[in-house]
Amino acid sequence: SKQWYQRRVRGQCLGEDSPKLYFFTEPVLTFVMTKDPEMALLEDGLALWLALLQNAPSSTPHLISLFEGLEELLQLGSENLKTSLLIMECTILLDPFSISTRYGRALLSVCSRLYTDVSGEAQILIMNILLTFLKTVSKDNWPEEIESMFHVILSSLREREGDYSKVLSTNIYIVFYLVVLDLPRFYRLIASFNDDTILQTIVTGWIDQSQHFYRMENHKLSLLALLTLAVTDVELTKYFFNDIIKLMARTVDKCTDTDDKGFRYDILLRKLKTDSDHLIEKQRTTSEGKQSLN
């Protein structure tokens, strides 16, 4: 029954052992995805699919091939929209190259259409998918359809109304990545608006919102993006000079600390090294454990 395989997945689909379930889950998912998508098993089938992706140690042809059915699911309505978008994000993380080369155009086209039809949490999920795409896929492999997403985001920042929101914040993060990763594309998109004030409006918005960032990496990314613009636009630098200095001071204050000897260090870099050391130790312990069992 559907209750049985939900319990089965939650209890056993864990980490490196999850592929042991594929003999069971692959035919179940294939059945659910190829039959009438409105059937009663769809919701539980999507939950199973998401659990597999979240615990998969590596990509498999079957997991990637299932991605083809997502576009149809996303057109059914909002009932399973959240789970479908999470599945999309997890699949990109699992195999960004395959997804970008085989499904990138369709994925971005669907996201662009969906974004204008939804609001709130759904918009944030769609933007998170785009963020994941930007972080994992080389800009050389970005399909042309990505520009329509960027255009929607820049338009929303130009016409923004009201105070801070998570949707606005997420859109600003995407602009940061665009500026840092592909500055010529950013300027080309800005020029397409035929608005001499749009750049100043967008930069003013992200400086205003930067005080609401709670993750240290976003503070650093904000500063890096602003400095990237500053070195290419003298007038922009003059206009926002005081804001740049304030943002630099705020970023240093939030992202550094002092050790026992009084030296300043980058909190994020130290955390990255600590996490890396823990991962290496975990892999070593796991390997030794398997060898002892053999």
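Residues numbered from 1 in each chain as written. Predicted model: local features only at pLDDT ≥ 70, side-chain atom pairs only at ≥ 80, totals over all residues. Heavy atoms only, no water.

Colleague: Mind showing me how you'd approach a nonpolar patch on the surface here?
Modeller: Taken together, Leu 227, Phe 241, Ile 245 and Met 248 make up a surface patch of nonpolar side chains, about 340 Å² in accessible area. With three residues, the top contributor of residues to the nonpolar patch is helix α15 (residues 241-255). Taking the relative accessible area as the measure of exposure, Ile 245 reaches 42% and is therefore partly exposed. (Patch = residues over 30% accessible without salt bridge, like charges linked within 9 Å, V, L, I, M, F, W, Y side chains within 5 Å. Areas by Shrake-Rupley, 256 points an atom, 1.4 Å probe, with all protein chains shown as cover. Salt bridge = Lys/Arg side-chain N within 4 Å of Asp/Glu carboxyl O. Helix = DSSP H or I, 4+ residues; strand = E, 2+ residues; numbered from the N terminus. Buried < 20%, exposed > 50% of the residue type's maximum accessible area, 1.4 Å probe, protein only.)

Colleague: What should I look at first to understand the packing of helix α6 (residues 81-94) against helix α8 (residues 121-136) in this one?
Modeller: Two quantities define a packed helix pair, namely the angle between the helix axes and the distance between the axes. For the pair α6 and α8, the least separation of the axes is 9 Å and the interaxial angle reads 5 degrees. Here α6 is positioned roughly parallel relative to α8, judged by the angle of their axes. Between α6, through Leu 81, Lys 82, Leu 85, Leu 86, Met 88, Glu 89, Ile 92 and Leu 93, and α8, the contact on the second element is made entirely by Glu 121, Ala 122, Leu 125, Ile 126, Asn 128, Ile 129, Thr 132, Phe 133 and Thr 136. Split into classes, the residues belonging to the contact of α6 with α8 amount to eleven nonpolar, three polar and three charged. (Axes fitted to C-alpha atoms, helices over the stretch in contact; angles between N-to-C directions. Parallel < 35°, antiparallel > 145°, perpendicular 65-115°, else oblique. Contact = heavy atoms within 4.5 Å. Nonpolar A, V, L, I, M, F, W, Y, C, P; charged D, E, K, R; others polar.)

Colleague: I tried to follow unusual backbone geometry on my own but got confused; where do I start?
Modeller: For residues that are not glycine, phi is negative in most cases, and the peptide bond is trans in most cases. Phi is positive for Asn 194, which is not a glycine, with a value near 55 degrees. By the secondary structure assignment, Asn 194 is in the loop between α11 (183-191) and α12 (198-209). Judged by relative accessible area, Asn 194 falls into the exposed class, the value being 71%.

Colleague: I'm lost on the nonpolar core in this one. Help?
Modeller: General note: in soluble globular proteins, nonpolar side chains tend to be found buried as a group. Counting residues in hydrophobic clusters, the biggest one holds 85 residues, and the most contacted among them are Trp 49, Phe 186 and Trp 206. The biggest single contributor to this core is α8, with ten residues. When neighbours within four sequence positions are excluded, Phe 186 is seen to be in contact with Leu 154, Val 175, Leu 178, Val 179, Leu 199 and Leu 229. (Core = buried A, V, L, I, M, F, W, Y, C linked by side-chain atoms within 4.5 Å.)

Colleague: Would you explain the side chain of Asp 95 in this entry?
Modeller: Structurally, Asp 95 can be placed in the loop between α6 and α7 (96-115). One buried charged side chain, Asp 95, makes no salt bridge at all; its nearest oppositely charged neighbour is Arg 102, positioned 6.7 Å away. Here Ser 98 takes part through its side chain, which lies 2.9 Å from a polar atom of the side chain of Asp 95. In this structure Asp 95 touches Ser 59 and Ile 64, once residues within four positions along its chain are discounted. (Lys, Arg positive; Asp, Glu negative; His and termini not counted. Polar contact = N/O pair within 3.5 Å; in protein donor to acceptor, adjacent residues only side chain to side chain.)

Colleague: What exactly am I supposed to notice about the pattern of salt bridges here?
Modeller: Opposite charge on two side chains allows them to pair when their charged atoms are near. Within this structure, the stated rule accounts for seven salt bridges. Of the charged contacts, one joins Lys 82 and Glu 121 as a salt bridge, the two residues approaching to 3.2 Å between their closest N and O atoms. One end of the pair, Lys 82, is in helix α6; the other, Glu 121, is in helix α8, and 39 residues separate them in sequence. In this structure, the salt-bridge partner of Glu 145 is Arg 105, at a minimum N-O distance of 3.2 Å. With a gap of 40 residues between them, Glu 145 in the loop between α8 and α9 (146-158) and Arg 105 in helix α7 connect regions that are remote in the sequence. Taken together, the shared-partner salt bridges connect Glu 147, Asp 182, Arg 185 and Arg 188 into one network.

None of this, on its own, says anything about what the molecule does.
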